[in-house]
Amino acid sequence: MTTDDWTRDELLAALEWQLSFGADEATGEDPVDSYALTLELAEKANQAKTAQQQAPTNKVLHAKPSQAKKALQSLQKTLAEANNLAAGAKTLSELEAALQNFDGCSLKKTAISTVFNEGMETSELMIIMGTPRADEDREGKNVAGRNRILLGNMLKAIGLGIEQVYLTSCVFWRPPGDKKPTANDLAYCKPFVDRQISLVKPKVLMLLGETTLRSFTDPDASLLRQRGKWSDYVSPDGAAPIKMISTFAPHMLLNTPRQKALAWQDLRAIRQQLTQA
């Protein structure tokens, strides 16, 4: 049955029925499913919102590699400068002057002193300290105050004095607040430490503290697990390997006296190695 079959009265009745429901205006010849239209509009709105949220994220993702690349280039440039300055020094005096001219490590800006070296320049035992602390920074020495007294006693126990060994540090400037140096700080100083080893030519390297250990081995190395163990230091210039051992730094022994027994074991091993060398 179509509207053509309806009478005039039936058509009027149908119009009145639609008017009673508020359908008083024709919007098109074909019927429209308003529910389906609402869903379609909602889907388009969600797509537009998702696109807006992703747009800035994409920009950030593109920006990060650029920032990382710049940081890497800066690191490589500073390391190249440190390597060139260290390699060009033919004596310890020249090396110290080269270090004074190196401004790549930010710690230099806040420290009082550049703590470079002291002791005999041809010693069989080379001791590498950690970062300078307040006393060392103030006095410009690799070890000072109570730490120096304790180190002197440690060396005396194996028949040596501070004046008979060569002292340096793995980082030459005190970090603010005695914080741990960053991986970059260690990397910037390492060429100058390596060059000292090449010039001094010791028979034994004694690494004091966990920071020093990490600068020579693994950035996550544990002193408690690695102390007292011998390994070989291989110089970048291809010289013969040097025996290397790590133990507790004086300030660690002052804070934890019970570790002195382990430190004494390490000192005896060093004395034995020097005798054999």
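Within every chain, residues take consecutive numbers counted from 1 along the sequence as written. This being a predicted model, a pLDDT of at least 70 is required before a residue's local features are given, and a value of 80 or more before pairs of side-chain atoms are given or counted; all residues contribute to the totals for chains, interfaces and linings. Excluding hydrogens and water, the side-chain figures rest on all heavy atoms present in the structure.

**Section: the overall build of the chain**
Here comes step 1: When helices and strands are tallied, the chain shows eleven helices and six strands.
Here comes step 2: Contact definition: two residues touch when any of their heavy atoms are within 4.5 Å. Counted over contacts in the chain with a minimum sequence separation of 6, partners at least 24 positions apart contribute 72%.
Here comes step 3: Only carbon and sulfur atoms are counted for the fraction: they give 52% of the accessible area of the chain, which is about 16900 Å². Runs of E in the DSSP output that reach at least two residues are strands. Runs of H or I that reach at least four are helices, and both are numbered from the N terminus. Surface accessibility follows the Shrake-Rupley procedure with a 1.4 Å probe radius. Residue values consider only the protein chains on display as shielding.

**Here we look at the layout of surface pockets**
Here comes step 1: Definitions used for this entry: grid spacing 1 Å over protein atoms alone; cavity, a set of points where a 1.4 Å probe fits but cannot get out; pocket, an open set with protein on both sides within 12 Å along at least 5 of 7 lines; lining residue, one with an atom within 4 Å of a point. Grid points are joined across faces, edges and corners, and a volume is the space filled by probe spheres set on the points. In this structure, the largest pocket occupies an estimated 350 Å³ of space.
Here comes step 2: As for the largest pocket, its lining consists of 22 residues, and the residues nearest its centre are Gly130, Thr131, Arg133, Thr211 and His251.
Here comes step 3: Of all elements in the fold, only α8 (210-216) and α10 (250-255) reach the threshold of two or more residues within the lining of the largest pocket.

**Side note on the environment of His251**
Here comes step 1: In this fold, His251 is placed in helix α10.
Here comes step 2: In sequence terms His251 and Arg146 are 105 residues apart; their C-alpha atoms lie 8.1 Å from each other.
Here comes step 3: With residues up to four places along the chain from it excluded, the contact list for His251 reads Arg133 and Asn147.

**Thoughts on the packing of helix α3 (residues 92-100) against helix α7 (residues 183-200)**
Here comes step 1: Where helices are involved, their axes are fitted lines through C-alpha atoms of the stretch in contact, as for all axes, and angles between N-to-C directions lie from 0 to 180°. In contact at an axis separation of 10 Å, α3 and α7 are set at 170° when each is read in the N-to-C sense. Overall, the two elements α3 and α7 adopt an arrangement that is roughly antiparallel. Facing Leu92, Leu95, Ala98 and Leu99 of α3, the residues of α7 in contact are Phe192, Arg195, Gln196, Leu199 and Val200.
Here comes step 2: Residues were grouped as follows: Ala, Val, Leu, Ile, Met, Phe, Trp, Tyr, Cys and Pro as nonpolar; Asp, Glu, Lys and Arg as charged; and all remaining residues, including Gly, as polar. Classifying every residue of the contact of α3 with α7 gives seven nonpolar, one polar and one charged. Any angle between 65 and 115 degrees counts as roughly perpendicular, while under 35 counts as roughly parallel, over 145 as roughly antiparallel, and the rest as oblique.

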